[in-house]
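Given next are the chains, with one letter for each unit.
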Amino acid sequence: MVLALTVVGSVVVLVALGLFVFGLRRRVIQRSGGTFDCSLRWDVPEKTDTSGKGWGYGIARYSGDRIEWFRVFSYALRPRRVLERSAIEVAGRRAPEGEEELALLSDAIILTCVHRGTRLELAMSEDALTGFLAWLEAAPPGQRVNVA
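Keep in mind the model is a prediction, meaning the values are calculated, not measured.

Scoring rules and cut-offs
- Residues numbered from 1 in each chain as written.
- Predicted model: local features only at pLDDT ≥ 70, side-chain atom pairs only at ≥ 80, totals over all residues.
- Heavy atoms only, no water.
- Helix = DSSP H or I, 4+ residues; strand = E, 2+ residues; numbered from the N terminus.
- Pairing = 2+ DSSP bridges.
- Axes fitted to C-alpha atoms, helices over the stretch in contact; angles between N-to-C directions.
- Contact = heavy atoms within 4.5 Å.
- Salt bridge = Lys/Arg side-chain N within 4 Å of Asp/Glu carboxyl O.
- Buried < 20%, exposed > 50% of the residue type's maximum accessible area, 1.4 Å probe, protein only.
- Expected span 1.5 Å × (residues − 1).
- UniProt positions renumbered as here; feature names shortened; annotations may be inferred.
- Phe/Tyr/Trp six-rings, centres within 6.5 Å; stacked < 30°, edge-to-face > 60°.

### Let's talk about unusual backbone geometry
Peptide bonds are, in most cases, trans, and in most cases residues other than glycine have a negative phi.
At step 1: Positioned with a positive phi, Asp-43 is a non-glycine residue whose angle comes to about 60 degrees.
At step 2: Looking at the element boundaries, Asp-43 is found in the loop between β1 (35-42) and β2 (56-63).
At step 3: The backbone phi angle of Arg-116 is positive, close to 50 degrees, even though this residue is not glycine.
At step 4: Along the polypeptide, Arg-116 turns up in the loop between β6 (109-115) and β7 (118-124).

### Observations regarding the sheet that holds strand β4 (residues 81-84)
At step 1: In space, the 7 strands of this open sheet follow the order β4-β3-β2-β1-β7-β6-β5, with antiparallel pairing throughout. Whereas interior strands pair on both sides, the edge strands pair on one side only; in this sheet they are β4 and β5 (88-94). Going from strand to strand, the sheet's axes swing by 35 degrees on average, the running direction of each strand aside.
At step 2: Pairing analysis gives 4 bridges linking β1 to β7, with the strands arranged antiparallel. Bridge pairing in β7 places Leu-40 opposite Leu-122.
At step 3: Where helix α1 (residues 2-30) meets the sheet, its contacts fall on β1, β2 and β3 (66-71), and the angle it forms with β2 comes to roughly 30 degrees.
At step 4: Contacts between helix α3 (residues 126-137) and the sheet are confined to β1, β2, β3, β5, β6 and β7, with β5 contributing the most and set at about 150 degrees to the helix.

### Some points on the pattern of salt bridges
At step 1: By the definition in use, this model includes 8 salt bridges.
At step 2: Close ionic contact of Glu-68 with Arg-66 constitutes a salt bridge, the shortest N to O distance being 2.5 Å.
At step 3: With a relative accessible area of 33%, Arg-66 lands in the partly exposed category.
At step 4: Across the pair Arg-116 and Glu-84 runs a salt bridge whose closest N-O atoms are separated by 3.2 Å.

### What about the side chain of Glu-100?
At step 1: Inspection of the secondary structure assignment puts Glu-100 in helix α2 (residues 100-103).
At step 2: Contacts of Glu-100, omitting those with residues within four sequence positions, involve Arg-41, Asp-49, Thr-50, Gly-52, Trp-55, Arg-94, Ile-110 and Glu-121.

### Description of α3
At step 1: Relative to the 16 Å expected for 12 residues at 1.5 Å per residue, α3 spans 17 Å between its end C-alpha atoms, a close match to the ideal helical length.
At step 2: Structurally, α3 contributes buried residues whose contacts are with β1, β2, β3, β5, β6 and β7.

### Comments concerning the environment of Ile-59
At step 1: Within the secondary structure layout, Ile-59 lies in strand β2.
At step 2: Considering only alpha carbons, one finds Ile-59 and Met-124, 65 residues apart in sequence, at a separation of 10.0 Å.
At step 3: Ignoring any residue separated from it by four or fewer positions in sequence, one finds Ile-59 in contact with Arg-26, Ile-29, Thr-35, Phe-36, Asp-37, Cys-38, Glu-68, Trp-69, Phe-70 and Val-72.

### Things to note about the UniProt feature "transmembrane region" (unreviewed entry) in the protein chain
At step 1: With numbering aligned to this structure, UniProt lists the feature "transmembrane region" (unreviewed entry) at residues 6-24.
At step 2: Each end of residues 6-24 is marked by a C-alpha atom, and these two atoms are 27 Å apart; helix forms 100% of the span and strand 0%.

### Thoughts on the packing of aromatic side chains
Pairs of aromatic rings are described using the distance from one ring centre to the other and the angle between the two planes.
At step 1: All told, the structure shown has 5 aromatic pairs when counted by the stated rule.
At step 2: Taken together, a centroid distance of 5.3 Å and an interplanar angle of 40 degrees make the contact between Phe-36 and Tyr-62 tilted. Remark: Tyr-62 occurs in strand β2 and Phe-36 occurs in strand β1; sequence separation between them is 26 residues.
At step 3: Ring centres 6.0 Å apart and planes at 35 degrees place the aromatic pair Phe-132 and Trp-135 in the tilted group. With Phe-132 and Trp-135 both in helix α3, this residue pair falls 3 residues apart, about one helical turn. Each member of the pair, Phe-132 as well as Trp-135, is classed as buried.
At step 4: An aromatic cluster of at least three residues, connected via ring pairs, comprises Phe-36, Tyr-62, Phe-132 and Trp-135.

This is the structure:
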């Protein structure tokens, strides 16, 4: 009986510690400011896929002329993807359809982009989208930015 209680107690402590580390990591990422919730789907086919597969929920952070994207359910302190402002081309936007509505946040808008030849989709709130497009258009003079 004592062994069972010790094992259960250890599991509870480990789960609590894991949740604490997730929260601490998010605080560290958000410390410098300029973050927003953003789902990402990388290497998307030309034909629109509304199955809801491939989406990763994450946090995006503005960092100079780059967007750094971090997975939410990860312990890594380094971004999973880095998008340079000068290499992003916006191809269009759309509302979630089909099973995507279940896979994404309720107020999400999907922005289809091309980054260095790779098609990707970003899903974010209307406010985050407005900020993202303003950031893209605010590129320094001489940089080419394509916003559809």
